[in-house]
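# A look at the structure
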Amino acid sequence: MSSRHTELLITVDRQAAEPMRTQLERQLRDAVRSGALRPGGELPSTRDLARHLGISRPLVMEAYTQLEAEGYVALRQGAAPRVADAAPQHHRPKFPPESFITAYYRYDFRPGIPDLSTFPSARWLKSVEAGLKAMGPNDFGYGQRFGVWPLRQALADYLGRVRGVSADPRQILITGGFEQARACLALALRRRNITHLAVEEPGYANYATWVANGLTLVPIPVDGDGIDVAALAASPAQAVLVTPAHQSPTGVVLSGARRLALVNWLRARNGFAIEDDYDGEFRYDRAPVGALQGLAPDAVVYAGTASKSLAPALRMGWMVVPPALLSALEYEALLMDYGQSRIDQHALAHFIASGEYGRHLRKMRAIYRDRREALLAAIRTDLPEVEVSGISAGLHATVRFHRRLDEPVIRERASRRDMGVTFLRRHYLGTAPEASTLLLSYAQMPERALRTALRTLVGLIEN
Ligand SMILES: Cc1ncc(COP(=O)(O)O)c(C=O)c1O
């Protein structure tokens with residue numbers, strides 16, 4: 001038997017009128033009924049429990065045997081005693097179904113998730129080790145809310161070099177991905193008396209956080225050059241959320257003229273832009289266009305994330321904050337939480353500074369480029385009547401049909417074939433165009449699977 005020591009929250013009172021064996025049985029029975037001890041869970045051995053309670057082993061054995069007869073405990077020669085699988089419980093709580101984020105399909109065309117099978121675990125482990133070695137005793141405390149200094153330094157250097165971001169490490173705030181940054185941003189904007197936030201239409205549809213934190217959303221149309229800045233200027237918005245490198249989800253790039261117009265709008269309105277650079281590193285036909293932030297560092301909050309470049313599981317993101325918003329954002333962030341794991345931050349700092357981050361991105365860029373080409377070739381063969389829009393970048397393609405498809409039925413049929421699909425319609429706050437547009441991620445499937453999955457999907461659409 002294992003020598004593992006299983007602890008149990010039970011006591012016996014030698015002075016009590018109730019016999020010790022009855023006390024033991026009662027407490028074990030109650031703990032199982034209440035759900036504190038879960039069906040199948042390990043119990044201490046008779047020897048351990050006897051020693052822990054300072055009572056005789058036969059007494060514990062008798063209690064366990066009694067509870068076995070009642071159906072609470074399962075005893076097996078040579079194995080640790082366990083709570084019986086079908087032990088009676090007072091109540092079995094009903095839990096709501098888990099959110100879509102935990103539902104994975106074998107063939108997943110839904111955008112948003114990188115290839116999860118290529119996470120560089122061995123190299124990450126080396127960075128965790130190096131990060132831990134670099135940490136002194138004080139680094140294991142709470143530290144600054146902004147995040148650990150080596151990561152802020154590594155990011156300032158990397159973002160300046162690769163994304164054209166103008167960043168001093170003192171402006172960098174480490175976040176729990178973009179999703180956590182949102183709530184802080186909303187509250188900080190409200191603190192500046194900003195009430196209306198413009199969003200791209202269609203856009204990245206996670207809007208609830210903005211609204212719940214007091215902002216009114218103003219949808220601004222996106223065309224082939226990105227967000228329509230003239231429409232933005234005609235709106236009541238004082239701040240705007242944009243995805244300039246690769247618009248989410250249409251895949252267009254914000255043109256040079258629109259960038260300048262947007263910067264002029266920021267100056268004229270004395271407003272702020274939030275630049276969500278979620279997949280800016282993935283551009284396949286040429287070098288990525290630099291970040292908007294480089295053109296107006298005083299008015300643009302640059303937000304990046306490790307969710308596409310490494311994995312959503314890290315829950316790590318960063319903001320480069322204009323000085324005018326620094327104290328408001330730090331204040332809101334501190335009210336919300338005390339920051340991300342500082343051990344992981346040191347690991348990421350090492351991963352970036354040692355060049356592994358860049359190496360991983362170069363490797364993934366080649367993989368995604370090949371997958372994108374394979375998908376586009378398959379679309380040309382299997383779906384010749386559609387239009388593929390968006391630049392050669394990011395992790396998904398935008399495929400426009402000339403007619404409206406029965407989208408719910410296709411989604412349902414696809415799901416029965418273990419396939420996840422998304423249409424553009426859900427990314428509109430207002431009314432979407434009549435014709436259907438499919439969003440097809442190529443990030444998670446190798447070329448052959450992509451071709452097979454697309455053929456299956458075409459079959460589902462046509463029948
Ligand atoms: C447009 C956009 N921004 C940001 C994110 C990343 O969010 P997070 O950093 O919280 O994982 C996503 C993820 O799907 C996204 O699609």
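I will try to describe carefully the structure that is included in this document. The shown structure was predicted, so the numbers you read here are calculated from the model rather than taken from an experiment.

### Some words on the overall build of the protein chain
When helices and strands are tallied, the protein chain shows 15 helices and 16 strands. Structurally, the protein chain occupies a C-alpha span of about 85 × 60 × 40 Å along its principal axes. Looking at the 463 residues of the protein chain, the share that counts as buried comes to 40%. Relative to all contacts within the protein chain whose residues are 6 or more apart in sequence, the contacts with residues 24 or more apart total 73%.

### Observations concerning the sheet that holds strand β7 (residues 226-227)
Spatial ordering of the open sheet is given by β4-β11-β10-β9-β8-β5-β6-β7, a layout of eight strands whose pairing is mixed. Edge positions in the sheet fall to β4 (172-175) and β7, since each has one partner strand and no second. Note that strand β8 (residues 239-242) and strand β9 (residues 272-276) share four bridges and pair parallel. By the bridge assignment for β9, Leu 241 is matched with Ile 274. Here helix α5 (residues 149-163) sits on the sheet and contacts β4, β10 (300-305) and β11 (317-320); the angle it forms with β4, its principal contact strand, is near 110 degrees. Contacts from helix α6 (residues 177-191) reach β4, β5 (196-201), β8, β9, β10 and β11, with the element oriented near 160 degrees to β10.

### Side note on helix α4 (residues 121-134)
An ideal rise of 1.5 Å per residue puts 20 Å on 14 residues; α4 measures up with 20 Å between its terminal C-alpha atoms. Buried within α4 we find Trp 124, Ser 127 and Gly 131. The arc that holds every buried residue of α4, seen down its axis, measures 60 degrees, which confines them to one face. Residues Ala 122, Leu 125, Glu 129 and Lys 133 are exposed on α4 and point more than 90 degrees away from its buried face. Residues of α4 that are buried sit in contact with α12 (342-353) and α13 (356-382).

### Topic: the pairing of β10
Where burial is concerned, most of β10 is hidden: six out of the six residues are buried. Alternating positions in β10 separate into two faces, Val 300, Tyr 302 and Gly 304 on one and Val 301, Ala 303 and Thr 305 on the other, with burial throughout. Where β10 meets β11, four bridges bridge the pair, whose relative direction is antiparallel. Bridging from a neighbouring strand, Tyr 302 pairs with Val 320 of β11.

### Remarks on the site of the ligand
With respect to spatial proximity, 13 residues lie near the ligand, and among them Gly 112, Gly 177, Glu 179, Thr 305 and Ser 307 are the closest. Ranked by residues supplied to the shell around the ligand, first place goes to α6 with three residues.

### Observations concerning α6
Over its 15 residues, α6 extends 22 Å from the first C-alpha to the last, a length consistent with the 21 Å expected when each residue adds 1.5 Å. Within the span of α6, buried status applies to Gly 177, Phe 178, Gln 180, Ala 181, Arg 182, Cys 184, Leu 185, Ala 186, Ala 188 and Leu 189. Asn 193 sits one or two residues past α6 and shows a positive phi near 65 degrees.

### Quick word on the sheet that holds strand β15 (residues 422-423)
Within a beta sheet, neighbouring strands are joined by backbone hydrogen bonds and run either parallel or antiparallel to one another. Spatially, the four strands line up as an open sheet ordered β12-β13-β16-β15, and their pairing is antiparallel. Sheet topology places β12 (387-389) and β15 at the edges, where each strand pairs with a single neighbour. Both β15 and strand β16 (residues 437-441) contribute to a ladder of two bridges, which runs antiparallel. Looking at the pairing, Thr 422 lines up with Leu 439 of β16. α13 rests against β12, β13 (396-400) and β16 of the sheet, and its axis sits at about 15 degrees to β13.

### Side note on unusual backbone geometry
Each neighbour pair has its own omega, and for Glu 201 with Pro 202 the value is 5 degrees, a cis peptide bond. Relative to the elements of secondary structure, Pro 202 occurs in the loop between β5 and α7 (208-212). The step from Ser 248 to Pro 249 runs through a cis peptide bond, and the omega angle for that step is 10 degrees. With respect to the secondary-structure elements, Pro 249 resides in the loop between β8 and α9 (256-269). Residue Arg 315 is not a glycine yet carries a positive backbone phi of 50 degrees. Of note, Arg 315 is situated in the loop between α10 (306-309) and β11. One non-glycine residue, Asp 418, lies in positive phi territory at about 65 degrees.

### Observations regarding the environment of Gly 78
If you trace the backbone, Gly 78 turns up in the loop between β1 (73-74) and β2 (82-83). In sequence terms Gly 78 and Gly 143 are 65 residues apart; their C-alpha atoms lie 49 Å from each other.

Rules of the game
Residues numbered from 1 in each chain as written. Predicted model: local features only at pLDDT ≥ 70, side-chain atom pairs only at ≥ 80, totals over all residues. Helix = DSSP H or I, 4+ residues; strand = E, 2+ residues; numbered from the N terminus. Buried ≥ 20, exposed ≤ 12 C-beta atoms within 10 Å, placed from the backbone. Contact = placed C-beta atoms within 7 Å. Pairing = 2+ DSSP bridges. Axes fitted to C-alpha atoms, helices over the stretch in contact; angles between N-to-C directions. Expected span 1.5 Å × (residues − 1). Arc of directions from axis to C-beta. Near = placed C-beta within 6 Å.

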